[in-house]
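One-letter residues, chain by chain:
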Amino acid sequence: MILNSKKFTFFGSSEFSVYVLEELLLHDIKPDLIITMPDKPKGRKLVLTANIVKIWAQNHDIEVLDPASLKNNPELVSKLQTLSSKLFLVASYGKIIPKEIFDIPDRKTLNIHPSLLPKYRGASPIQSQILNDEKEIGVSIMQVEETMDTGPIIIQKLLPSPAFRRGTGGEVLGRKELEKILAIEGARLFAHILPEWLSGSIDAIMQNEKEVTYCTKINKEDGLLDLNENAKSNLLKIKAFEGWPTTYFFENAKRIIVTDATIEENELKILRVIPEGKKEMSYLDFLRGRKS
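To start, this report covers the structure provided alongside it. Since this is a predicted model, take the numbers as computed values, not measurements.

Assignment of secondary structure puts Thr-150 in the loop between strand 9 (138-143) and strand 10 (153-158). Side chain to side chain, Thr-150 and Glu-145 meet in a polar contact 3.1 Å long. Among the polar contacts made by the side chain of Thr-150, one reaches the side chain of Thr-147 at a distance of 2.6 Å. The contacts of Thr-150, once residues within four sequence positions are left out, are Arg-121, Met-142, Glu-145 and Gln-207.

Here you go:
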């Protein structure tokens, strides 16, 4: 179902966003404009580099804009008004979208949020659900409002436990795998409700404010491990902070990043590490090198 004349604008900036876009393509849903974050300096030489969504848009011949700010941006507002989009879709964009923009389309602006709202409103829903060893993980499609993640819910899906846990011990997946699962499920939900939403035959339902929980922005310092803590807590942190900010401990003033671990006999078993200044290796090889 290509949207054809029903123009569609997408806001996103992360790998989660790309998973959504890829899944939508499988349902013949393709945006004609993508709004993403500006290029950022990367590497030692601080070369300005496009994010993964901008690269995806260029590879698929889709117009892409990367405004520094959405606020007080009459040029962008005029552009979006001229497009006459039927709706906007947001999936991990990274900025609050002002009312003068999210109110532009006839069918407003929808957001794919990787939690069962009103639980886990905020900047780190996937990581927070892993950290809390959440047993009910799912995805919501909601209508965007001025305040973060407060809009009415259009549809939600609770994932069955095997979707986000594996093995006989029910070990929780890492952030990267869970992010992909939730993005794909969110895109499928969007494709499912899109015809009804565009026709006005589906209504959104207000969130239950009595059930609200929040999650905070994660900082690099949050990744520090205390290896004397509970093994399960450390493992959940390792899984949640996979990729960024990573988890680590210090040995002889050197940062040792932990990239994989498990639990055996109620003890944390570190499997792979990246010692400061070196490449990733097995923890056993690291220990051997430390003794030599």
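That covers the picture; the talk isn't over yet.
The next thing to look at is the pairing of strand 7 (residues 109-113). Burial within strand 7 is extensive, with 5 of its 5 residues counted as buried. Side chains Thr-109, Asn-111 and His-113 project from strand 7 onto one buried face, and the interleaved Leu-110 and Ile-112 project onto a second face that is buried too. Taken together, the 3 bridges between strand 6 (residues 87-90) and strand 7 define a ladder with parallel strand orientation. Across the sheet, the residue bridging to Leu-89 is Leu-110, located in strand 7. Here strand 7 runs beside strand 9; their pairing, made up of 4 bridges, is antiparallel. Considered in strand 9, the bridge of Asn-111 is made with Met-142.

Between its terminal C-alpha atoms helix 7 (residues 175-199) stretches 36 Å, which fits the 36 Å expected from 25 residues at 1.5 Å a residue. Bending of helix 7 peaks at approximately 45° at the position of Ile-193, with proline Pro-195 no more than four residues after it.

Moving on, we get to unusual backbone geometry. Residue Pro-118 follows Leu-117 across a cis peptide bond; omega there is 15°. Among the structural elements, Pro-118 can be located in the loop between strand 7 and strand 8 (121-122). Note the cis peptide between Trp-244 and Pro-245, where omega equals 0°. Locating Pro-245 in the fold gives a position in the loop between helix 8 (231-240) and strand 14 (247-251). A positive phi angle is found at Thr-246, which is not glycine, with a value near 70°. Relative to the helices and strands, Thr-246 is located in the loop between helix 8 and strand 14. Phi angles above zero are rare outside glycine, and Asn-252 is one such case at about 55°.

By the secondary structure assignment, Ser-85 is in the loop between helix 3 (74-83) and strand 6. Judged by its relative accessible area of 5%, Ser-85 is buried. A polar atom in the side chain of Ser-85 sits 3.0 Å from the side chain of Thr-9. When neighbours within four sequence positions are excluded, Ser-85 is seen to be in contact with Lys-7, Phe-8, Thr-9, Leu-80, Pro-105 and Asp-106.

With the rule as written, the count across this model stands at 5 aromatic pairs. Residues Phe-11 and Phe-88 carry aromatic rings whose centres are separated by 5.5 Å and whose planes lie at 55° to one another, so their mutual orientation is tilted. Of this pair, Phe-11 sits in strand 1 (residues 8-11) while Phe-88 sits in strand 6; the two residues are 77 residues apart in sequence, bridging distant segments of the chain. Neither residue differs from the other here; Phe-11 and Phe-88 are each classed as buried.

Interhelical geometry of helix 1 (residues 15-26) versus helix 7 gives an angle of 40° and a closest axis separation of 8 Å. Viewed along their axes, helix 1 and helix 7 adopt a mutual orientation that is oblique. Between helix 1 and helix 7 lies a crossing of right-handed hand. Along the contact surface, helix 1 presents Glu-15, Phe-16, Tyr-19, Val-20, Glu-23 and Leu-24, while helix 7 presents Glu-179, Lys-180, Leu-182, Ala-183, Ile-184, Ala-187, Arg-188 and Phe-190. Looking at the contact of helix 1 with helix 7 residue by residue, the class counts come to 9 nonpolar, no polar and 5 charged.

Sheet architecture is open: 4 strands sit in the order 14-15-16-17, paired in antiparallel fashion. Looking at the sheet topology across the chains shown, the edges are occupied by strand 14 and strand 17 (281-282). On the sheet, helix 8 packs against strand 14, strand 15 (254-264) and strand 16 (267-275) and is oriented at approximately 115° with respect to strand 15.

Let us look at the sheet that holds strand 5 (residues 63-65). Hydrogen bonds along the backbone pair up the strands of a sheet, which may run parallel or antiparallel. Read from one edge of the open sheet, 7 strands run 5-2-1-6-7-9-10, paired in mixed fashion. Of all the strands in the sheet, just strand 5 and strand 10 have a single pairing partner and so form its edges. For this sheet the average axis-to-axis angle between neighbouring strands, irrespective of direction, equals 20°. In terms of strand pairing, strand 1 meets strand 2 (residues 33-35) through 3 bridges, oriented parallel. Note that in strand 2 the partner of Thr-9 across the bridge is Leu-33.

In this section: the pattern of salt bridges. A complete count under the given rule lists 18 salt bridges for this structure. For Arg-188, the salt bridge identified is with Glu-23, shortest N-O distance 3.1 Å. One end of the pair, Arg-188, is in helix 7; the other, Glu-23, is in helix 1, and 165 residues separate them in sequence. For Arg-188, a relative accessible area of 41% puts it in the partly exposed group. When its relative accessible area of 8% is taken as the criterion, Glu-23 is described as buried. Between Asp-106 and Lys-86 there is a salt bridge; the shortest N-O distance is 3.5 Å.

Thresholds, definitions, all that
Residues numbered from 1 in each chain as written. Predicted model: local features only at pLDDT ≥ 70, side-chain atom pairs only at ≥ 80, totals over all residues. Heavy atoms only, no water. Helix = DSSP H or I, 4+ residues; strand = E, 2+ residues; numbered from the N terminus. Polar contact = N/O pair within 3.5 Å; in protein donor to acceptor, adjacent residues only side chain to side chain. Contact = heavy atoms within 4.5 Å. Buried < 20%, exposed > 50% of the residue type's maximum accessible area, 1.4 Å probe, protein only. Pairing = 2+ DSSP bridges. Expected span 1.5 Å × (residues − 1). Bend = angle between axes of the 7 residues up to and from the residue. Phe/Tyr/Trp six-rings, centres within 6.5 Å; stacked < 30°, edge-to-face > 60°. Axes fitted to C-alpha atoms, helices over the stretch in contact; angles between N-to-C directions. Parallel < 35°, antiparallel > 145°, perpendicular 65-115°, else oblique. Left-handed = near helix turned anticlockwise from the far one by under 90°. Nonpolar A, V, L, I, M, F, W, Y, C, P; charged D, E, K, R; others polar. Salt bridge = Lys/Arg side-chain N within 4 Å of Asp/Glu carboxyl O.

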